[in-house]
Each structure stands twice: as structure tokens, then as C-alpha cells.
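The residues making up each chain are set out below.
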Amino acid sequence: MNLTNLRLLLLLVPSSAIMAQHHMVVVNVESKVPVRDVRVCTNNGRESRTSWDGTFTLPDSFHRVDFLHPDFERRYLLSSELRGDTVYLIPNINALREVVIYGERRFDKRMAMILKPSPQQIERDKLPKYVPAGINPLGVLLLLYDLTLRDKVNDHVRRKKALKEVRRKEAELQQKWDSLKLSRPTVP
């Protein structure tokens, strides 16, 4: 095989892949105007959208293709049913074209109430937003306290609370015991 035949073969291979695709357009059946943003889904998982002029490209290997748009009826075609380069969609008569709402904008007021800052957030906003230069002596003392004494102090507080609870239970049990002694009849 000579060099010119090889070049010709290399030029024909990409063109055969391009020819294996169908370039089509989606239009409104009533007005014959191209429809943009139609979802085009094939059964083999490929999905695309029509461009501003309603055009799209279909691969050669598919069995079924679906056309979906909120303003139009859903339509599907089998590969054997495709004739020509145009697909017509029927407008959905139940779809709303425009919604106009008259009245008070209460939603904005409710969102403002929900997003209202908490008192803690207001206090945080009052704090300075900068970090002063230099060493903070109070910060160093707090760091040393955290590293050395915090666990001991917390253990001491926990033990003190537990001891109070034990003494309260003992007093309660002692009171019950004393009431039982007094209520017991004496034997002659």
C-alpha cells in the first residue's frame, strides 16, 4: 500500500464517523419555530439538549429516542420511525406559560425574620475584627492554665459534685432508717 492510499484512508475514517451521525432539528408543530433546550435521550444512555436553533446530533446506533420539554408533550421515536431531519413537538395545553402573582411580598419579610441575627452573633460582630500585634499575656496565661491545671480543676469539681450527691443519698437513707426505727413497735 503506497503513501497516497494510506492518506486517503486516514481522511475517510473520520468522515465515516461523522456520516454515522444524524443532524436534526426540533420544531413546534403549530408555529414551525425551532425549540431550544429540549432534552434528547437515547436508550443507550446518551443525553443532550437542543441548541438555540433547535438542532441536535443523534448517533447512528440507537433503538429509541425521547424528546422532553416542560412546554411540550413528551414524544419518543424508534430509529425506524425517523424520516427526514425534523422532529415535531406538540405544545402542552396544560402547561402554564406565565404566572402573575398580585399581593404583598410576605416571603421576603419571613426570610428577613428567619435570617435575623441572634444576640450572640450581634455580640460577636461588636468585637474588633483585627488581631493586635505582639504577645497577648492573658492568652499565654490561659494557654498555660489549659495545659497544666484545667484537667485537675475539672476532676476536683467532678469529685466535689459526686461527694455532694453521695452525702445527699446518705442523709436520705439515714432519714428513712430513723423513720423505720421510730415506727417499729417496742417489744415488752
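Residue indices begin from 1 for each chain and proceed along its sequence in written order. Per-residue local features of the predicted model are confined to residues with pLDDT of at least 70, and side-chain atom pairs are confined, for both listing and counting, to 80 or more; whole-chain, interface and lining totals are unaffected and use all residues. Side-chain metrics in this entry use all non-hydrogen atoms of the structure; hydrogen atoms and water are not considered.

Enquirer: Where do I start with the packing of aromatic side chains in this structure?
Expert: Two aromatic rings, taken as a pair, are described by how far apart their centres are and by the angle between their planes. In summary, the pairing rule links any two rings of Phe, Tyr or Trp, Trp by its six-membered ring, whose centres are within 6.5 Å, and it sorts them by plane angle into stacked for under 30 degrees, edge-to-face for over 60 and tilted for everything else. Applying the stated criterion across every chain, the model contains 1 aromatic pair. Arranged with centres 5.7 Å apart and planes meeting at 70°, the rings of Phe56 and Phe67 form a pair that is edge-to-face. Of this pair, Phe56 sits in strand S4 (residues 55-58) while Phe67 sits in strand S5 (residues 64-68); the two residues are 11 residues apart in sequence, bridging distant segments of the chain. Each member of the pair Phe56 and Phe67 is classed as buried. Every helix listed is a DSSP run of H or I at least four residues long, and every strand listed is a run of E at least two residues long, numbered separately from the N terminus. The classification of residues rests on relative accessible area computed with a 1.4 Å probe and restricted to protein chains. Under 20% of the type maximum is buried, over 50% is exposed, and intermediate values are partly exposed.

Enquirer: So what exactly am I meant to see when it comes to helix H4 (residues 137-148) here?
Expert: Since there are 3.6 residues in each turn of an α-helix, residues three or four apart along the chain are aligned in direction. For H4, built from 12 residues, the straight-helix expectation of 16 Å at 1.5 Å per residue is met to within 8% by its first-to-last C-alpha distance of 17 Å. Counting of polar contacts relies on pairs of N or O atoms within 3.5 Å, with two restrictions inside protein: one atom must be capable of donating a hydrogen and the other of accepting it, and residues adjacent in sequence are counted only when both atoms are side-chain atoms. For H4, the side-chain oxygen to backbone nitrogen distance between the N-cap and Leu138 is 3.2 Å, and the N-cap itself is Asn136. Helix span, expected: 1.5 Å multiplied by one less than the number of residues in the helix.

Enquirer: Would you mind showing me how to read the pattern of salt bridges here?
Expert: Opposite charge on two side chains allows them to pair when their charged atoms are near. Think of a salt bridge as a Lys or Arg side-chain nitrogen and an Asp or Glu carboxyl oxygen that are within 4 Å of each other. Applying the stated criterion across every chain, the model contains 8 salt bridges. Close ionic contact of Asp146 with Arg150 constitutes a salt bridge, the shortest N to O distance being 2.5 Å. For Arg150, a relative accessible area of 36% corresponds to the partly exposed category. Note that Arg168 and Glu172 form a salt bridge whose closest N and O atoms lie 3.3 Å from each other. Of this pair, Arg168 and Glu172 both sit in helix H5 (residues 150-183), 4 residues apart, which is roughly one turn of that helix. For Arg168, a relative accessible area of 41% gives the class partly exposed. Judged by relative accessible area, which is 32%, Glu172 ranks as partly exposed. Three or more residues joined by partner-sharing salt bridges are found here, namely Arg64, Asp66 and Arg74.

Enquirer: Just to check I follow, could you spell out the nonpolar core for this structure?
Expert: Note that soluble globular proteins tend to have their nonpolar side chains buried in a common cluster. The definition of a nonpolar core used throughout is a set of buried Ala, Val, Leu, Ile, Met, Phe, Trp, Tyr and Cys residues joined through side-chain atoms within 4.5 Å. Counting residues in each nonpolar core, the largest one holds 15 residues, and the members touching the most others are Val26, Phe56, Leu58, Val65, Phe67, Leu82 and Val87. Of all elements in the fold, only strand S1 (22-28), S4, S5 and strand S7 (86-89) reach the threshold of two or more residues within this core. Note on contacts: a residue pair qualifies if any of its non-hydrogen atoms lie within 4.5 Å across the two residues. Excluding residues that lie within four positions of it along the chain, Val26 makes contacts with Val33, Pro34, Val35, Val38, Thr50, Gly54, Phe56, Phe67, Val87 and Leu89.

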